[in-house]
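Structural features, examined
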Amino acid sequence: MVQQIISDNQLLEQYPDSDGQPMADNTKQFRWIVVIKENLERLFASDVDVFIAGDLLWYPVEGDPKQRQAPDVMVVFGRPKADRGSYQQWKEGDIAPQVVFEILSPGNRSGEMLRKLNFYQRYGVAEYYIYDPDSNELTGFERSAKSLQLVSEVHNWVSPQLGIRFELTADTLEIYRPDGERFLTQVELGEQLATERELRQVDQQRIQALEEKLRELGINPESL
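Heads up: these notes are all about the structure in this document. (Residues numbered from 1 in each chain as written. Predicted model: local features only at pLDDT ≥ 70, side-chain atom pairs only at ≥ 80, totals over all residues. Heavy atoms only, no water.)

Thoughts on the pattern of salt bridges
For clarity, the cut-off: The term salt bridge refers to a side-chain nitrogen of Lys or Arg lying within 4 Å of a carboxyl oxygen of Asp or Glu. Helix numbers and strand numbers start at the N terminus; a helix is a DSSP run of H or I with at least 4 residues, a strand a run of E with at least 2. Each residue is placed in one exposure class: buried if its accessible area under a 1.4 Å probe, protein chains only, is under 20% of its type's maximum, exposed if it is over 50%, and partly exposed if it falls in between.
The full count for this structure, using the stated rule, is ten salt bridges. Between Glu 181 and Arg 42 there is a salt bridge, with its nearest N and O atoms 3.3 Å apart. You can see Glu 181 sitting in the loop between β10 (173–176) and α4 (186–216) and its partner Arg 42 sitting in helix α2 (residues 27–43), a full 139 residues away along the chain. Assessed through its relative accessible area of 23%, Glu 181 is described here as partly exposed. Judged by relative accessible area, which is 29%, Arg 42 ranks as partly exposed. Of the charged contacts in the structure, one is a salt bridge between Glu 167 and Arg 165, with a shortest N-O distance of 2.9 Å. By relative accessible area, Arg 165 is classed as partly exposed at 25%. Residues joined by salt bridges that share partners form a network here, namely Lys 37, Glu 38 and Glu 41.

Structural data, given as structure tokens:
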């Protein structure tokens, strides 16, 4: 019997890491993808078995590379954080992404979104959210039995999988963590990190000043 050896390049050609499509069609769509993905990363930063990705190709069926989709954001519980060229489900304990997000742009068509809905329904997604930042419309689907069912009232809806709450204001979508903190923009995240660094520096200076004062009094702070 002749055993066929498949090279890494052949596998890459069979399951390519890119579908040739841009991650986003405009800055608004890209900004929302980044906000959702990065805030979810923060939310589950301490959980090593929650994998979160943006615009990563998902292949649910081995041997059928035509069956693929690249959600704007996807969340997989039960898989380790690690870099991947694509999400090949049969190599991931056959665990499908449980939650996916799609951010609409003017280029999205209804037929395309229907195909995505059918794909996510067929391959086991538990929650599917579609946000249109231009019209400020959020659509949610939750799995019931074997199909994804429309969430009838998405305003103030709490995701069963993620624990986050969606709030539609007059002109935008706001998302809140389980602890009540609002999802932050990249600028706000940067400002928060800078503030946290400053507070740590102040605390360190206070500790150093206290240690110096103790030494002046003849007390070794390391012995306390």
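Topic: the layout of surface pockets
Selection criterion: Computed over the protein atoms alone on a 1 Å grid, cavities are sets of points where a 1.4 Å probe fits but cannot get out and pockets are open sets with protein on both sides within 12 Å along at least five of seven lines; a residue lines them when it has an atom within 4 Å of a point. Grid points are joined across faces, edges and corners, and a volume is the space filled by probe spheres set on the points. Note on residue classes: Ala, Val, Leu, Ile, Met, Phe, Trp, Tyr, Cys and Pro are nonpolar, Asp, Glu, Lys and Arg are charged, and everything else, Gly too, is polar.
Of the pockets and cavities examined, the second largest pocket occupies roughly 170 Å³. As for the second largest pocket, its lining consists of Arg 31, Trp 32, Val 35, Thr 172, Leu 173, Glu 174, Ile 175, Arg 182, Phe 183, Leu 184 and Thr 185. Broken down by secondary-structure element, the contributors of at least two residues to the lining of the second largest pocket are α2 and β10. Partitioning the lining of the second largest pocket into residue classes produces six nonpolar, two polar and three charged.

Considering the packing of aromatic side chains
For any pair of aromatic rings, the description consists of the separation of the ring centres together with the inter-plane angle of the planes. To keep things clear, this is the line we draw: Two rings from Phe, Tyr or Trp (for Trp, the six-membered ring) form a pair when their centres are within 6.5 Å of each other. A pair whose planes differ by under 30 degrees is stacked, one over 60 is edge-to-face, and the rest are tilted.
Tallying each qualifying case throughout the model produces 14 aromatic pairs. A ring pair is formed by Tyr 15 and Trp 90, whose centres lie 5.0 Å apart and whose planes are at 50°; its orientation type is tilted. Of this pair, Tyr 15 sits in the loop between α1 (8–14) and α2 while Trp 90 sits in the loop between β4 (87–88) and β5 (99–103); the two residues are 75 residues apart in sequence, bridging distant segments of the chain. Aromatic side chains Phe 44 and Phe 77 sit 5.5 Å apart centroid to centroid with 85° between the ring planes, which places their arrangement in the edge-to-face category.

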